[in-house]
Every structure is written in C-alpha cells, then in structure tokens.
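Residues per chain, in single letters:
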Amino acid sequence: DPLNYLPLRVCSPLSLSLSTNFPASAILISSAGPEKIKPYLRRSKGLPLHPNYSRVVVFSSLFPTMNCAISGEVPEVPVVSTKSGLLFEKRLIESHISDYGKCPVTGEPLTIDDIVPIKSGKVIKPKLLHTASIPGLLGTFQNEWDGLMLSNFALEQQLHTARQELSHALYQHDSACRVIARLKKERDEARQLLAEVERHIPAAPEAVTANAPLSNGKRAADDEETGPDAKKLCPGISADIITELTDCNAALSQKRKKRQIPETLASVDALGRFTQLSSHPLHKTNKPGICSMDILHSKDVIATGGIDATAVIFDRPSGQILSTLTGHSKKVTSVKFVGDSDLVLTASADKTVRVWRDSGDGQYACGHTLNDHSEEVRAVTVHATNKYFVSASLDSTWCFYDLSSGLCLAKVADDSEKVDYTAAAFHPDGLILGTGTSQSVVKIWDVKSQANVARFDGHTGEVTSISFSENGYFLATAAEDGVKLWDLRKLRNFRSFSSADANSVEFDPSGSYLGIAASDIRLYQTASVKAEWNLIKTLPDLSGTGKATCVKFGPDAQYVAVGSMDRNLRIFGLPGDEKANADDDSAQDS
C-alpha cells in the first residue's frame, strides 16, 4: 500500500471522502463526534476515532520509526503538528515556537494551538524498532540478563561483606570475653596472694635498732641517714669487710693452684651427643619468656626468672616445681642462689631487689625488699664469701650489699662518664667486679676501692652478659654483635665468636666449657689464648621464638639448661642408655 511509505499527513473530514481504503493499522483522530464521523468510519472499515480534535490525522504503525523531527529520538512526551503532520518532543517544539514562531522543518507559521499532544503509556516505555525482530529480541534479552547478573553480583558482594563484618564482630566479642575471663582469674590470684602475704606479716613488729631491717625487708625511714640532696648515705665498705674479702681472695687463689678437673666431668664426646631430654612449662602462658636462670649444683635445683614477674624454683631430678616466688610487679631480670644456702636473690624491672629465704616447708618468703635503685635492676651477683652481693642498674650505679641485713654499704657511679649497667659478675677470687653497659663498654672494678681499673671497648650494642672463667684468666662478654673473650692478664681481646644478638654467655664451673645462647645454643671447649676454642655442639632453639635468653651448665656439665622467650625450661643431655655407656667409658679411661 503506498500509504505505508508516505510521511504523516493531516486531512480535513471532507478529504476523507477521497480516501476510501485505509490500511488496517491506521488510526483516525477527530473531535467532530461519532455522529459526524460515522460515514467516514464505514468507509474506513471501522477504524478507531479520537473525539477530542477538529482534525483527522492518519497514522501508519508500519513506519520504520516514530522519532522527533528535531532530535531524531523517540519522544517522551510526543506531540504532532496539525499543519505539517510531523512528530515532535513537546518541550523542544514549544521552545522553538516561542523563539521563532514557525515550524522548524517546513518553515510554516506555527503556534502552540497547532500542536496536538498524543497520549502514551507511562508504565511501559516505548520499545525500539529492533525489538520487532527475533535477533533484536535476543539482544534485548541478553542485555537484560547481563544487567540481572550484574545486579546479582552486587548483591552477592554486599552479602559477603555483611558476613565478614558479622564474623569480625563475633571474633571481637569472643576475644573480649576471653580477656575478661583472664583478667578475672588474675584478679582472683592477686587477691589470694595478697591474703597469703597478709597472713605472713606479723601484726606488731618487734622494736628495731638503727639500720636494722624490718620484718617486711624495708629499713625504717627515720633510721636512714640522708645527704643534702635527700639521697640515702651509705656507710661504705669497712676495713673489716675489706680484710674479709682479701682473706677470701688469698684462700681461693691458693686453692685454685691445686685445682683438678673432676673425673665425673662430662667428656667432649658426651657433649657432642647432647639432645633435648625434657621441656618444663614453668611460667604463665599470657606472659611467656624466661629472662634469667641459675643452678644450685649441690641440690640440682634450678631457679628461673620470667617476664610474668615471678621466679620459679624447680627440682630437676623429680621434674617438680618446689616454689613460685611472687612479689615483683615487673619482669624478673636476674636470679641467683647464694652458695649452698636456702637464700635466693631476684632483681626486677620494678627497680627492686628481693632476698628470699626457704621457710622450711619448701616455700620461700621475702626477707628483704631493697629499693636503692631508681631505674630497672638488670643483674645481681654474689660474692664468694656468700655474705655480700652486688646489684647493677640502668640508673648508672651498682650497689654493694650486706646480705644478712640488706644494707647498702656502697652505691657506686662512674663520674667520668654516664653508663647504664646491664650485666655484672664477680671474679672467682672476689676482689674484682666486672660490669657490662648499654653503651657497649665492659668495665672492671676494684671492689676494695670501688675504682674503675680497666675498660674493654669493641662491642656493638648492649652488653647482655658477662662470665669469668674458673681459672680467673679469661672474661667472656656477650652483646648484639656476638661474644668476645678477653685476657685479663694483658687486658686485650684475643678471640671473638660471631653469634648475632647473643643474650647469654657462661663458663661451666670447671672452666672446661663455654656456652653461648643466641638464636641457637653453642657449646665450646675452652683452651688457651693461642690455642683454638673448638665448637663441640650446636643445639637448636626449640622454642620457635628464635631467641634463647640464658644457658647454664648442670653439675659436672652432665646437662645444659636453656631458657627461651617461651615459658619452657629445656634440658639438653644424654639419654639414659647413652649416659650409662658414657659413664662406663669414663671409668675405663680413669
């Protein structure tokens, strides 16, 4: 039908008589009323009629598109011109008429009254022509499916995020519950310990004389002499004490000349076969780490000081904890047995030193709490007389104490330079004191005069540990750059071991072996200045922390005790059958 390919046209009701055959899809719009248009409806085969307009417009739905004559797009609010029959977007044609007053296509005069709005559905937007074909419909379906998948993916992402946030919130809640439970448990333990301490403190302490210790280990403030700067005055090391130290030095020196290596000492071959025998969890899990250790060889008892502010007395043969020393408020940095007695010394980061005594039932009670330092106390070392001891602190002083009274006899600081003391040890003869510092310097002191008589430079980083050999000739020092050996006769360094971040160095009581604790544990055979110090065994740090903090040799070097940054004390030695064979070999050799 040629009408399907003609542009939109407008005709008057009279002109309808000229057209008797309209296409079946044509639409007639008129305001003449049904009674006036019925004759034309009969001729036009009953096409629908719109009763609101004075003109009749014939549309063909078979046109390729119904686009705006100005924008070329499908209009949202379509209107049609009664003069030209062209379709426009309402806002565009109204704007053009207000500016120019004529049709933008034909140029004919045009007013707002000459445009007729066309109603269209608002719910469903008009479909483009390509949806009339199967390929077009498939493309439309594909686009809608893609949009649905993208929307579904966004919802899945939101669901995943919500689940993660919920999981994190539940984890935080669980962690908070566990922390609260732990704090309640620690609170209950602290209350119990406080009640036990109060039961041990007498209600009315006996009268004390000047400078005598109170029952709780603190000297009366009124009895202490103070200087102009309100600092406590120390009485000093008396002539009688110096004489006692000198006599002890002479006796030990004479005895050392007759010293012989014990036949029961473990052989080099035995040390080379050492393996872990046992592991004992001595300290709390919430604050793991063993900072220091000492062994009472006569009873085979081990004392450890931990980050959890406690010291533990452990019986190695039975594998039982004999006592737990509680009272410090911060980590225990050093622990020492006093000879073969029932006394134990502990130093702590809480700036105090405590003296503990066995009460007879295996429980230790604090006899003295010493507060002479103003900073963290890093080390304590006991004199060979077992009557005096020294504490070294980060406050740049070391103190010489009388053990029985807990009185600080001398508080020594180096006026030539300010150094922080991190390690201390008495020479086996007792008249020399060695100290390590955080400034990488090792200082040697004359105990009688409290004068600095020598210093060793060469380390890098803080000096963490020092140890004198039993023969009195060698000094071993540990620091961040490793271990150095010093000849005390010539005051020089004669050998170095590269053990990065060495935390502890220790000669065995016979002076035959040297142990180093760092990222692993190394055992050396001692020798002379010129001879080679052979590496016997390298023991791994089985704590998993990569940091062994202390190492000690057991009686006759039959085992090695190691502390690390976990809560376990580890014992390295020969298994039972190998130990029996080693003892038989030693007996045959002797």
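- An unreviewed UniProt entry annotates the chain as Pre-mRNA-processing factor 19 originating from Brassica oleracea var. oleracea.
- UniProt lists a comment for the chain under the heading Subcellular location (unreviewed entry), and it reads "Nucleus".
- According to the UniProt record, the Sequence similarities (unreviewed entry) comment for the chain is "Belongs to the WD repeat PRP19 family."

1. Remarks on the UniProt feature "repeat: WD" (unreviewed entry) in the chain
Move 1: Summarizing the sequence annotation, UniProt attributes the feature "repeat: WD" (unreviewed entry) to residues 325-356, 370-411, 422-455 and 456-496 in the numbering used throughout.
Move 2: Structurally, residues 325-356 comprises 0% helix and 56% strand, and the distance from its first C-alpha atom to its last is 8 Å.
Move 3: Helix makes up 0% of residues 422-455 and strand 62%. Its end C-alpha atoms lie 15 Å apart.

2. Remarks on the nonpolar core
Move 1: If you look at the biggest cluster of nonpolar residues, it comprises 21 residues, and the most contacted ones within it are I241, L245, W398, F400, L409 and L433.
Move 2: Residue assignment for this core shows that the elements contributing at least two residues are helix 4 (239-257), strand 18 (388-393), strand 19 (397-402), strand 20 (407-413) and strand 21 (421-426).
Move 3: The element best represented in this core is strand 20, accounting for 4 residues.
Move 4: Dropping the residues within four chain positions of it, F400 is found in contact with I237, I241, L245, Y388, F389, V390, L407, C408, L409, A410, F426 and V447.
Move 5: One finds L265, I536, F553 and V562 within the second-largest nonpolar core, a separate group that totals 19 residues.

3. Examining the environment of D446
Move 1: Mapped onto the elements, D446 comes out in strand 23 (residues 442-446).
Move 2: It is 6.6 Å that separates the C-alpha atoms of D446 and L433, two residues lying 13 residues apart in sequence.
Move 3: In this view, D446 contacts L431, A451 and V453; residues no more than four positions away in its chain are not counted.

4. Some remarks on the sheet that holds strand 20
Move 1: In spatial order, the strands read 17-18-19-20; together these 4 strands make up an open sheet with antiparallel pairing. Each having just a single partner strand, strand 17 (377-382) and strand 20 make up the two edges of the open sheet. Between one strand axis and the next, the sheet turns through 20° on average, direction left out of account.
Move 2: Relative to strand 18, strand 17 is paired through 5 bridges, and the arrangement is antiparallel. Across the sheet, V377 pairs through a bridge with S393, a residue of strand 18.
Move 3: Contacts between helix 4 and the sheet are confined to strand 18, strand 19 and strand 20, with strand 18 contributing the most and set at about 100° to the helix.

5. Considering unusual backbone geometry
Most peptide bonds are trans, and most residues other than glycine sit at a negative phi.
Move 1: The backbone of D300 sits at a positive phi, close to 55°, despite the residue not being glycine.
Move 2: Counting through the fold element by element, D300 comes out in the loop between strand 9 (290-296) and strand 10 (301-306).
Move 3: Of the residues examined, D300 reaches a relative accessible area of 12% and is grouped as buried.
Move 4: Residues other than glycine seldom take positive phi values, yet N386 does so here, at roughly 60°.
Move 5: Assignment of secondary structure puts N386 in the loop between strand 17 and strand 18.
Move 6: Residue class for N386 comes out partly exposed when judged on its relative accessible area of 33%.

6. Comments concerning the environment of L92
Move 1: You can see L92 is positioned in helix 2 (residues 90-100).
Move 2: Relative accessible area serves as the criterion here: at 23%, L92 is assigned to the partly exposed category.
Move 3: Taking the C-alpha atoms as reference points, L92 and A69, separated by 23 residues in sequence, lie 9.8 Å from one another.
Move 4: Residues contacting L92, with those up to four places away along its chain left out, are C68, I70 and S71.

7. Examining the side chain of R354
Move 1: Looking at the secondary structure, you find R354 in strand 15 (residues 353-358).
Move 2: It is D350 that comes nearest to the buried, bridge-free R354 among opposite-charge side chains, at 5.1 Å.
Move 3: Separated by 3.4 Å, the side chains of R354 and T369 make a polar contact.
Move 4: Residues in contact with R354, not counting those within four places in the same chain, are G327, H328, V344, L345, T346, C366, H368 and T369.

How each quantity is defined
- Starting afresh in each chain, residues are numbered from 1 along the sequence in its written order.
- Selection of residues for local features in this predicted model requires a pLDDT of at least 70, selection of side-chain atom pairs for listing and counting requires 80 or more, and totals for whole chains, interfaces and linings are taken over all residues.
- Only hydrogens and water are set aside; all other atoms, that is, all heavy atoms of the structure, feed into the side-chain values.
- UniProt positions are given in the numbering used here, feature names are shortened, and annotations may be inferred rather than shown by experiment.
- Strands here mean DSSP runs of E at least two residues long; helices mean DSSP runs of H or I at least four residues long; both are numbered from the N terminus.
- Put simply, a nonpolar core is a bunch of buried Ala, Val, Leu, Ile, Met, Phe, Trp, Tyr and Cys residues held in one set by side-chain atoms that sit within 4.5 Å of each other.
- Residue burial is assigned from relative accessible area. The probe radius is 1.4 Å, only protein chains are included, and a residue is buried under 20% of its type maximum, exposed over 50%, and partly exposed in between.
- Every residue pair with non-hydrogen atoms within 4.5 Å of one another is taken to be in contact.
- The rule for pairing is simple: two strands pair if DSSP sees at least two bridges between them.
- To obtain each axis, a line is fitted to C-alpha atoms, and for helices this fit is confined to the stretch in contact; angles are then taken between N-to-C directions over 0 to 180 degrees.
- When charges are counted, Lys and Arg contribute as positive and Asp and Glu as negative, whereas His and the chain ends are disregarded.
- Any carboxyl oxygen of Asp or Glu that lies within 4 Å of a side-chain nitrogen of Lys or Arg is treated as forming a salt bridge with it.
- What qualifies as a polar contact is a pair of N or O atoms within 3.5 Å, subject to a donor-acceptor requirement within protein and to the restriction that residues adjacent in sequence count only when both atoms come from side chains.

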